[in-house]
Amino acid sequence: MPHLTFSTKWGVDFLNFREHAFEYNTVQGAKYNGLGFETYTNVMNIVSNNFLKYNNTFGKHNVEILGGYSFEKYQTRSSFIRGQDYADESLEYLNSAATIVSASSDASDSGIRSFIGRLNYSYNSRYIVSFSGRFDSSSKFGENNRTGFFPSASLAWRIGEEEFMKSISQLSELKLRTSYGLTGNDDIPPFLYAELYGVTSYQGKSGIYPSSIPNPDLKWESTAQFDIGFDLGLFKNRIFLSVDYYNKKTNGLLLDRPLPLSSGFSSITENIGSVENKGFEFTLSTNNLTGDFTWNTQLNISANRNKVLKLYNHQPIDDIGRGSNRVQEGEPIGIFYSYKWLGVDPSTGDVVYSDTDHNGTINTDDRTKIGNPHPDFIGGITNTFRYKGFDLSVLLQFTYGNDIFNGSRLYLESLQGGDNQLEAVVNRWKKPGDITNIPRATSDAVKAAENKRVSSRFIEDGSYLRIKNVTLGYTFSNNFLKKIKISSLRIYATSQNLYTFTYYSGLDPEVNYAGNDNTIIGTDFFTYPQSRSYNFGINLKF
């Protein structure tokens, strides 16, 4: 029988944030002076998803057709007011300030609209084909390039269902699958395609100035991905293995291209290159023990290789962030590129750098690749144990082969400035003949600057194994719950980030001071570590 269904879902999120801050100083006895500001932010996010689906089975054939329309609108409004000269410390609002020092406001709107279509077909649950396509229109691009088309197709063959495989009793699942498709990315600030102006004042009069260079040709970043893999189940799926190979090529990268400062601007956002990501993913699930005591394991490992294929005029994007990240053709994105540190000269106590161009002088031409923030492997393993009402889950995660630039050490081992120093500086160079990795303390400004250059001295192995999550719980039996008229009752205790095994000397190897930036990668600069937490709870249902 054919089935026709329609579904719609709407969501509206509002966020209002208001912050007051005041600071008072006593002047002239009992008179108070103060400084305060108020920030107000309003965020509205509207999301709508609407789908019409047709499904029909006739004989060994099954067909499913889906069409949909969705949109999302994101709107922000903010204002900032700063005042000073409050008469008394008990006055906390801006209308009590004698002087309004500054005020500003801002508004931003962005949105995306999508038309979606999909066709799924299967024959005898053995041969499965799927085609899909979507038109996405984003307000972050100009009218000529606002819409992108992103199709995809996939094919699967359940070999384990074929008659010639039925004789293999140990085999419970064997499926080959492959797919190819395009996806789009518009993760940039709005209005970069347009000619924008800022407002300023000069000699008491207001004026405007160009704040960005327009780029009407700005368009979607597009990623073409090919996948091939298989699923293997053995012994009624007590052992289940999935293996995948993927190759992704992203064209039209949305990156900031540096500009000469003589233009009045430091950069412009353009579609200026392409990058490749390829690798393998392995997932293994096993039911190790069954019965009253059960033990299940899930293991996943992935190995990704990243390489920049093309940039604007083959020009690298250099010296990004505190760790001197670099985007360069033929290399992984965000490599560390700076001076190669050779140690401390025992005769002088100064740092020695590699003269890579062999001209007898250390300058910017001697910079070279000193590290790679991308790991060789990442993965995780979860073990779950159950015995009667008790359950225990332990999640471990790991990375291997990635480098971290420890920018905190650059200051905490510098023997300069007002920063507290690490204990390692006790072993600094003090006299000729000392063998150490910490250079001498010096008041010579030139030598002091040379001794704390961004270099491979601060590159460390970022590999780690972390006990990410441990949960212990107990679920009360139904016989007990019936007596107290409760449907279900479970108590549990959980801990996150319990312990980390690593050679990294910083506070946390799983950090990056620039957040999710795509080019500033693997850099630690006084970054607050992930907290260790303990939680206790009760799940109660009547």
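Residues numbered from 1 in each chain as written. Predicted model: local features only at pLDDT ≥ 70, side-chain atom pairs only at ≥ 80, totals over all residues. Heavy atoms only, no water.

### Quick word on the packing of aromatic side chains
Inspection of the entire model under this criterion finds 20 aromatic pairs. Taken together, a centroid distance of 5.4 Å and an interplanar angle of 45° make the contact between Phe-141 and Trp-220 tilted. A residue pair is termed long-range when its members are at least 10 positions apart, and Phe-141 in the loop between strand S5 (127-138) and strand S6 (147-158) and Trp-220 in the loop between strand S9 (205-210) and strand S10 (221-234) qualify at 79 residues. For the pair Phe-141 and Trp-220, a shared accessibility class is recorded, and that class is buried. Ring plane angle 55° and centroid distance 5.2 Å describe the contact between Tyr-245 and Phe-280, whose orientation is recorded as tilted. Here Tyr-245 is found in strand S11 (residues 239-251), whereas its partner Phe-280 is found in strand S14 (residues 274-289), with 35 residues between them in sequence. Among the residues examined, Phe-280 registers a relative accessible area of 40% and is labelled partly exposed. Over the face of the ring belonging to Tyr-312 we find Arg-257, whose NZ or CZ atom lies 4.2 Å from the ring centre. Seen from the ring of Phe-525, Arg-322 lies directly overhead, with NZ or CZ sitting 3.8 Å from the centre. (Phe/Tyr/Trp six-rings, centres within 6.5 Å; stacked < 30°, edge-to-face > 60°. Helix = DSSP H or I, 4+ residues; strand = E, 2+ residues; numbered from the N terminus. Buried < 20%, exposed > 50% of the residue type's maximum accessible area, 1.4 Å probe, protein only. Lys NZ or Arg CZ within 6 Å of the ring centre and 35° of its normal.)

### Observations concerning the pattern of salt bridges
Inspection of the entire model under this criterion finds 25 salt bridges. Residue Glu-270 is joined to Arg-257 by a salt bridge in which the shortest nitrogen-to-oxygen separation is 2.9 Å. Of the two residues, Glu-270 is situated in strand S13 (residues 267-271) and Arg-257 in strand S12 (residues 254-258); the sequence distance between them amounts to 13 residues. Just as Glu-270 is buried, Arg-257 falls in that class too. Its salt-bridge partner being Lys-447, residue Glu-450 comes within 3.7 Å of it at the nearest N-O pair. Here Glu-450 and its partner Lys-447 are both found in helix H2 (residues 445-451), three residues apart, which amounts to about one turn of the helix. For Glu-450, a relative accessible area of 28% corresponds to the partly exposed category. What you see here is one network of salt bridges that share partners, running through Arg-158, Glu-161, Lys-166 and Glu-173. (Salt bridge = Lys/Arg side-chain N within 4 Å of Asp/Glu carboxyl O.)

### Overview of the sheet that holds strand S17 (residues 325-327)
If you trace the four strands from one edge of the open sheet to the other, you get S16-S17-S18-S21, paired in antiparallel fashion. Of all strands in the sheet, those with a lone pairing partner are strand S16 (317-320) and strand S21 (368-371), marking the two edges. Taking the axes of each pair of neighbouring strands and ignoring which way they run, one obtains an average angle of 45° across the sheet. Pairing between strand S18 (residues 335-338) and S21: three bridges, direction antiparallel. The partner of Ser-338 across the bridge, within S21, is Thr-368. (Pairing = 2+ DSSP bridges. Axes fitted to C-alpha atoms, helices over the stretch in contact; angles between N-to-C directions.)

### A few points about the environment of Asp-365
Tracing the sequence through the fold places Asp-365 in the loop between strand S20 (351-353) and S21. For Asp-365, a relative accessible area of 55% gives the class exposed. Between the C-alpha atom of Asp-365 and that of Asp-355, which follows or precedes it by ten residues, the distance is 8.9 Å.

### Remarks on the nonpolar core
Judged by nonpolar contacts, Leu-253, Leu-255, Ile-272, Val-275, Val-308, Leu-311, Ile-317, Ile-320, Val-327, Ile-333, Ile-520 and Ile-521 together constitute the single largest core of twelve residues. The residues contacting Leu-311, other than those within four sequence positions of it, are Leu-255, Ile-272, Gly-273, Pro-316, Ile-317, Val-327, Gln-328 and Glu-329. Of all hydrophobic cores here, the second largest spans eight residues; its members include Phe-150, Ala-194, Leu-218 and Leu-254. (Core = buried A, V, L, I, M, F, W, Y, C linked by side-chain atoms within 4.5 Å. Contact = heavy atoms within 4.5 Å.)

### What to know about the environment of His-61
The residue His-61 is located in strand S3 (residues 61-86) in this model. Sequence-wise, His-61 and Arg-158 are 97 residues apart; in three dimensions their C-alpha atoms are separated by 15 Å. Here His-61 is in contact with Asn-56, Tyr-121, Ser-122 and Tyr-123, once residues within four sequence places are set aside. At 2.6 Å, the side chain of His-61 forms a polar contact with the side chain of Tyr-121. (Polar contact = N/O pair within 3.5 Å; in protein donor to acceptor, adjacent residues only side chain to side chain.)

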